[in-house]
Amino acid sequence: MTAEREILLEAKNLRKEFGGLVAVDDVSMQIYAYTLHSIIGPNGAGKTTLFNLLSGMMPPTRGQVLFKGKDITHLAPQRRAHLGIGRSFQITNIFPNLTVLENVRLAAQALGKDNFRMLKSAAGFPGYEQKAHKVLSRVGLEGKDDYFAQALSHGDKRKLELGIMLAGDPQLLLLDEPTAGMSSEQVPELLNIIRSIMTDGDKTIVLVEHRMDMVMSISDRITVMHQGQLLAEGTPHEIARNQTVQSAYLGALYGDLAGEMGAGGG
Ligand SMILES: Nc1ncnc2c1ncn2[C@@H]1O[C@H](COP(=O)(O)OP(=O)(O)O)[C@@H](O)[C@H]1O
Ligand SMILES: [Mg+2]
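Keep in mind it's a predicted model, so treat the numbers as computed, not measured.

**Q** Looking at this model, I keep getting lost on unusual backbone geometry. Mind explaining?
**A** Notably, Lys68 is not glycine yet its phi reads approximately 50°, a positive angle. Lys68 sits in the partly exposed class, given a relative accessible area of 45%.

**Q** How do you make sense of the side chain of Asn52 when you look at a structure like this?
**A** Mapped onto the elements, Asn52 comes out in helix H1 (residues 47-55). On the accessibility criterion, Asn52 (16% relative accessible area) is buried. Residue contacts for Asn52: discarding those within four places in its chain leaves Met57 and Met58.

**Q** Where do I start with H1 in this structure?
**A** The α-helix advances 3.6 residues per turn, and as a result positions three or four apart in sequence lie on the same side. The buried fraction of H1 is high, at 8 of 9 residues. All buried positions along H1 are accounted for by Lys47, Thr49, Leu50, Phe51, Asn52, Leu53, Leu54 and Ser55. Gly56 sits one or two residues past H1 and shows a positive phi near 95°.

**Q** Got a minute to help me understand the confidence of the model for the protein chain in this structure?
**A** Confidence along the protein chain averages 87 in pLDDT terms, with 85% of residues attaining 70 or more. Note that residues 255-266 has pLDDT below 50 and, in this model, 6 contacts with residues that lie over four places away or in other chains.

**Q** How should the site of ligand 1 be read in this particular structure?
**A** The local shell around ligand 1 consists of Phe18, Leu21, Ala23, Pro42, Asn43, Gly44, Ala45, Gly46, Lys47, Thr48 and Thr49. A distance of 2.7 Å separates an oxygen atom of ligand 1 from a polar side-chain atom of Lys47. Thr49 is positioned with one of its side-chain polar atoms (N or O) 2.6 Å from an oxygen atom of ligand 1. A total of 560 Å² of accessible area belongs to ligand 1 in isolation, and the protein chains cover 59% of it. Those elements that place two or more of their residues in the shell around ligand 1 are strand S2 (21-32) and H1. The element contributing the most residues to the shell around ligand 1 is H1, with 3 residues. Along the lines of polarity and charge, the residues of the shell around ligand 1 split into 5 nonpolar, 5 polar and 1 charged.

**Q** It is not clear to me how the sheet that holds strand S8 (residues 204-209) should be interpreted in this structure. Could you clarify?
**A** For sheets, the rule is that strands pair by backbone hydrogen bonds, running either parallel or antiparallel. Pairing is mixed across the open sheet formed by 6 strands, whose spatial order is S6-S7-S8-S3-S9-S10. In this open sheet, the two strands that pair with only one neighbour each are strand S6 (85-87) and strand S10 (229-234). The average undirected angle you get between the axes of adjacent strands in this sheet is 15°. Relative to S8, strand S7 (residues 172-176) is paired through 5 bridges, and the arrangement is parallel. Residue pairing in the sheet places Leu173 in a bridge with Ile205 of S8. Sheet strands in contact with helix H6 (residues 154-167) are S6 and S7, and its direction is about 155° off that of S7.

The rules behind these values
- Residues numbered from 1 in each chain as written.
- Chains lettered and ligands numbered in written order.
- Predicted model: local features only at pLDDT ≥ 70, side-chain atom pairs only at ≥ 80, totals over all residues.
- Heavy atoms only, no water.
- Buried < 20%, exposed > 50% of the residue type's maximum accessible area, 1.4 Å probe, protein only.
- Helix = DSSP H or I, 4+ residues; strand = E, 2+ residues; numbered from the N terminus.
- Contact = heavy atoms within 4.5 Å.
- pLDDT = per-residue confidence, 0-100.
- Near = heavy atom within 4 Å.
- Polar contact = N/O pair within 3.5 Å; in protein donor to acceptor, adjacent residues only side chain to side chain.
- Areas by Shrake-Rupley, 256 points an atom, 1.4 Å probe, with all protein chains shown as cover.
- Nonpolar A, V, L, I, M, F, W, Y, C, P; charged D, E, K, R; others polar.
- Pairing = 2+ DSSP bridges.
- Axes fitted to C-alpha atoms, helices over the stretch in contact; angles between N-to-C directions.

Structure below.
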């Protein structure tokens with residue numbers, strides 16, 4: 001896939017305690033550039049907490065986060081965004097009273113690398129608008145530019161959320177359960193959009209998901225979390241065959257899902 005294995009994001013011995021609870025327990029991992037790396041695990045495994053540590057929403061109790069080798073452990077989310085780290089905001093970042101297009105255009109303007117130069121030039125506003133149109137077609141919202149964001153279906157809001165992220169041209173996208181709350185018919189479309197973002201070749205995605213079946217077909221690498229710790233890491237193929245994952249995790253916790261997949265429902 002990639003000739004060079006450049007580490008884009010790295011967690012070093014991350015730990016997060018909430019009172020007496022250790023939500024993230026000495027987690028170290030590397031995210032390689034241009035890969036889609038999924039973090040999976042059952043509810044309560046510590047995925048969202050790890051996500052919050054990576055995106056800067058929370059400080060770790062211990063440990064470090066490095067982006068391109070640079071220590072960003074104590075950088076606020078907004079500063080990380082300017083470095084090229086985009087994260088999903090789970091819909092709350094959408095302005096409900098603005099149109100779909102305006103939401104994406106504002107995001108492009110807010111994070112436009114050439115902010116000032118662009119605004120001074122005649123290309124400024126139309127430039128951002130053009131960018132917004134491009135992003136909207138990328139996330140499957142073309143034709144809905146003029147809808148008020150609040151009028152969108154839940155599934156379309158998740159696409160808009162993705163569009164708002166993409167508008168800032170992040171190198172790294174952090175997605176926490178982007179399909180949450182979607183109907184099962186909407187899920188494949190969103191996964192296809194995520195897949196198509198990867199085919200551009202310039203993005204790296206960290207995808208947090210509790211459903212294993214969701215990530216198997218789209219991930220380059222998978223990290224399995226369990227009770228705050230890393231249980232296993234590898235390619236989807238390796239994870240599917242991993243004995244520890246299978247016995248300690250898949251069997252016990254995904255028994256119903258494994259049954260579903262194996263027996264084709266029923
Ligand atoms: N802000 C918080 N305060 C206290 N406990 C929390 C907080 N956030 C998460 N937890 C606890 O940390 C553990 C991991 O939660 P979380 O990271 O949300 O797991 P996941 O995303 O894998 O479902 C859970 O036991 C949860 O109750
Ligand atoms: Mg979570």
